[in-house]
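Letter by letter, the chains look like this.
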Amino acid sequence: YQRRVHGSYGWVECVGCADRSAYDLRAHGQATNTELVAFDKYDTPQERQQLFAIPNKGLMGKTFGKEMAVVQEILDALTEEEKKTLSETIETQGKGTLTGKPPKCDKSFEVTKDMLKFQTRTVKVNGESYVPSVIEPSFGVGRIIYSLLEHAYYIREGEKDATKGEVTRGVLGLVPWLAPIKCCVLPLLSNRKELVEKAEEVATQLNRAGIAAKTETSNSIGRRYTRFDEVGCPFGVTIDPRTLEDGTVTLRERDTMEQVRTPLVDVLPLLRDLVEGITEWSSVSSKYPKQQKEASE
């Protein structure tokens, strides 16, 4: 069966799953003379009726000579169903054929009723061995990534730009846990050394805590936000002069473009919960006071 994704080119197969049954493991096991089996152990041993092939080694040894060891290996490899079939054949016809399984053995040996007898015994069985069936998935990584990007990308229309008027901007709406950059840390004013240094300090703390963060100082704060929106960064922290006074920052969400004012000490746990999906942005937005957009945005 297939897993398909619908995009601008219609339905595209991204994952193909083939039911190989036990064919591959059986073929590999025969080619390498290795038992590729799983074993299910019973909670308690079970009694079963089992058919045993009992060879007349003296007579068979004289008949087959040096090849007796090969005959014994074929006998030992017989399944319960094969023993039953051989027993019925010998009983009705007085003789039967032992056939080896390639590639280990491709010979056949004729055995008579005097050479081989069958006996049913009650045995205790602790579990069952079997060759597992295999499901073989095939992932088209390129198609998955393309579909992911296509479904995440959208156009934000009707934004106001201070110099260009109304503009259209692209946004890569990746979910937070998937976005390669989780948060941008931006100084409101790039020419204020103390704000730049504070932004770099906060970004370093976030990176050390496992939240991928980057800083940017070129152009206006609005254009910097736009660039990070285009690469899928879901959250942004703005360091402004007020940060140096009362220790609060602006926390921005990409898709709603909402901004809240939050203590700097709350930023790390908030981002961690937002990225991991523990907290929704709506909860953050309702808890902290709203922050008005800067005019440069």
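Residues numbered from 1 in each chain as written. Predicted model: local features only at pLDDT ≥ 70, side-chain atom pairs only at ≥ 80, totals over all residues. Heavy atoms only, no water.

Side note on the environment of Gln292
Item 1. Of note, Gln292 is situated in the segment after helix 10 (281-287).
Item 2. With relative accessibility at 65%, the residue Gln292 sits in the exposed group.
Item 3. The spacing of Gln292 and Tyr146 is 146 residues in sequence and 36 Å in space, taken between C-alpha atoms. (Helix = DSSP H or I, 4+ residues; strand = E, 2+ residues; numbered from the N terminus. Buried < 20%, exposed > 50% of the residue type's maximum accessible area, 1.4 Å probe, protein only.)

A look at the environment of Arg169
Item 1. Relative to the elements of secondary structure, Arg169 occurs in strand 9 (residues 165-172).
Item 2. Of the residues examined, Arg169 reaches a relative accessible area of 12% and is grouped as buried.
Item 3. In this structure, the C-alpha to C-alpha distance between Arg169 and Val275, residues 106 residues apart in sequence, is 24 Å.

Some points on the pattern of salt bridges
Item 1. Inspection of the entire model under this criterion finds 13 salt bridges.
Item 2. A salt bridge links Arg261 to Asp240; the shortest N-O distance between them is 2.7 Å. Of the two residues, Arg261 is situated in strand 14 (residues 259-263) and Asp240 in the loop between strand 12 (235-239) and helix 8 (241-246); the sequence distance between them amounts to 21 residues.
Item 3. Overall, the relative accessible area of 6% leaves Arg261 in the buried class.
Item 4. When its relative accessible area of 5% is taken as the criterion, Asp240 is described as buried.
Item 5. Arg242 is the partner of Asp246 in a salt bridge, and the nearest nitrogen-oxygen pair spans 2.9 Å. On the criterion of helical spacing, the pair formed by Asp246 and Arg242 is a turn pair, its members being four residues apart in helix 8. (Salt bridge = Lys/Arg side-chain N within 4 Å of Asp/Glu carboxyl O.)

Looking at the pairing of strand 4 (residues 95-99)
Where a strand is regular, its side chains alternate between the two sheet faces.
Item 1. Residue alternation in strand 4 divides its side chains into a buried set, Gly96 and Leu98, and an unburied set, Lys95, Thr97 and Thr99.
Item 2. In terms of strand pairing, strand 4 meets strand 5 (residues 108-112) through five bridges, oriented antiparallel. Residue pairing for strand 5: Thr99 is matched across the bridge by Ser108. (Pairing = 2+ DSSP bridges.)

So, the packing of helix 2 (residues 57-64) against helix 3 (residues 68-76)
Relative orientation and spacing of two packed helices are given, respectively, by the angle between their axes and the distance between those axes.
Item 1. At a minimum axis distance of 9 Å, the contact between helix 2 and helix 3 shows a crossing angle of 125°. Put simply, helix 2 runs oblique to helix 3. The residues of helix 3 that touch helix 2, namely those facing Lys57, Met60, Gly61 and Phe64, are Met68, Val71, Gln72 and Leu75.
Item 2. Here the contact of helix 2 with helix 3 is composed, by residue class, of five nonpolar, two polar and one charged. (Axes fitted to C-alpha atoms, helices over the stretch in contact; angles between N-to-C directions. Parallel < 35°, antiparallel > 145°, perpendicular 65-115°, else oblique. Contact = heavy atoms within 4.5 Å. Nonpolar A, V, L, I, M, F, W, Y, C, P; charged D, E, K, R; others polar.)

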